[in-house]
Amino acid sequence: MELRHLRYFRVVAEELNLTRAARRLHMSQPPLTRQINQLEEEVGARLFSRSTRGMALTPAGQFFLEHTLQILEKLDTAVTGTRRLARHHRELFGIGFVPSVFYGQLPLLVRQLRQKDDIELTLAELTTVQQVQALKAGRIDIGFGRLRIDDPEVVQQVLFDEPMIVAMPTGHPLEGTRPTLAELAEYPHVLFPAAPRPSLADIVLGMYRRRGLKIEVVQEANELQTTLGLIASGFGITLVPEQVRRLQRDGVTYTDLADRHITIPILCSRRRNEAPGPIMQEANAILEVMVENRRSGRYP
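Predicted model, so just to flag it, every value in this text is computed and none were measured.

With respect to the helices and strands, Glu40 occurs in helix α3 (residues 29-43). On the basis of relative accessibility, which here comes to 10%, the residue Glu40 falls in the buried class. Excluding its chain neighbours within four sequence positions, the residues that come into contact with Glu40 are Ala45, Arg46, Leu47, Phe48 and Arg50.

Structural data, given as structure tokens:
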């Protein structure tokens, strides 16, 4: 199967008429018909139904069209980005991050790097485990996560430890207090993220387990926004990093823990034994200032 088959299929699916599709593709109808027949043979399914009333997509054809459009859109994005890089002589720099980190200092790093004319940034929301794989594959250059990963090809640096806080429904019995984990364990929890694991969810479970506590997990969610929506709806409570406090939502109240030493690290992951290039040196310099500001309390 070649890309031209997908492009031909998209046009035929849009027109549902071989004559009009051939005209749009600047080719005659018989070769286009042969190309569509070849595509159906290779896929192993009829993509179009043909009758005296005309053409229509079969259920298999509709499914194939949805994925074809995604493939062609990603290809167009890749081609456009590649041309932009070549035209402006920019160097690509990929950043991976877990969602909870993006509510703190990471946007400041992104903002400062984007001001450089010779840098083309790409951002990817990835778990820490996924970041390690992306670093090894060269899809990103630096990652920001929460989970310690032991991998010989990746080195992790703790930027700082961040206190954990409680996200609870507004009006919860513990609102306005500084609860202990033992007190929180008496209430149902929403766990985030549900998958992939290991993740922040396992860190939270470990915090309770190390204290001999067990919590009731009534709901799991993959997205932070979904988790907060469930909390606002009264499903339960959850522990989140302090930076999430910046994400305000009606019906959700954030409360400090009694023990401010219950923390979670922000980890910066890079490829091991790789000499930092100019962009990485720039990123490292920005990170040093950000970490110092965080530790000195100049911003949370």
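What follows deals with the packing of aromatic side chains. Summed over all chains, the structure comprises 2 aromatic pairs. Taken together, the ring pairs connect Phe9, Phe48 and Phe64 into an aromatic cluster.

Scanning the entire structure with this criterion turns up 13 salt bridges. Between Arg24 and Glu14 there is a salt bridge, with its nearest N and O atoms 3.0 Å apart. Here Arg24, found in helix α2 (residues 18-24), pairs with Glu14, found in helix α1 (residues 3-15); they are 10 residues apart in sequence, far enough to count as distant. A relative accessible area of 42% places Arg24 in the partly exposed class. Of the charged contacts in the structure, one is a salt bridge between Lys136 and Asp151, with a shortest N-O distance of 2.9 Å.

Before going further, it helps to spend a moment on the packing of α1 against α3. The contact between α1 and α3 brings their axes to 10 Å, and the two run at 110°. Judged by the inter-axis angle, α1 sits roughly perpendicular to α3. Facing α1, whose interface residues are Arg4, His5, Tyr8, Phe9 and Val12, α3 presents Leu32, Gln35, Ile36, Gln38 and Leu39. Class assignment for the residues of the contact of α1 with α3 results in 6 nonpolar, 3 polar and 1 charged.

What counts as what
- Residues numbered from 1 in each chain as written.
- Predicted model: local features only at pLDDT ≥ 70, side-chain atom pairs only at ≥ 80, totals over all residues.
- Heavy atoms only, no water.
- Helix = DSSP H or I, 4+ residues; strand = E, 2+ residues; numbered from the N terminus.
- Buried < 20%, exposed > 50% of the residue type's maximum accessible area, 1.4 Å probe, protein only.
- Contact = heavy atoms within 4.5 Å.
- Phe/Tyr/Trp six-rings, centres within 6.5 Å; stacked < 30°, edge-to-face > 60°.
- Salt bridge = Lys/Arg side-chain N within 4 Å of Asp/Glu carboxyl O.
- Axes fitted to C-alpha atoms, helices over the stretch in contact; angles between N-to-C directions.
- Parallel < 35°, antiparallel > 145°, perpendicular 65-115°, else oblique.
- Nonpolar A, V, L, I, M, F, W, Y, C, P; charged D, E, K, R; others polar.

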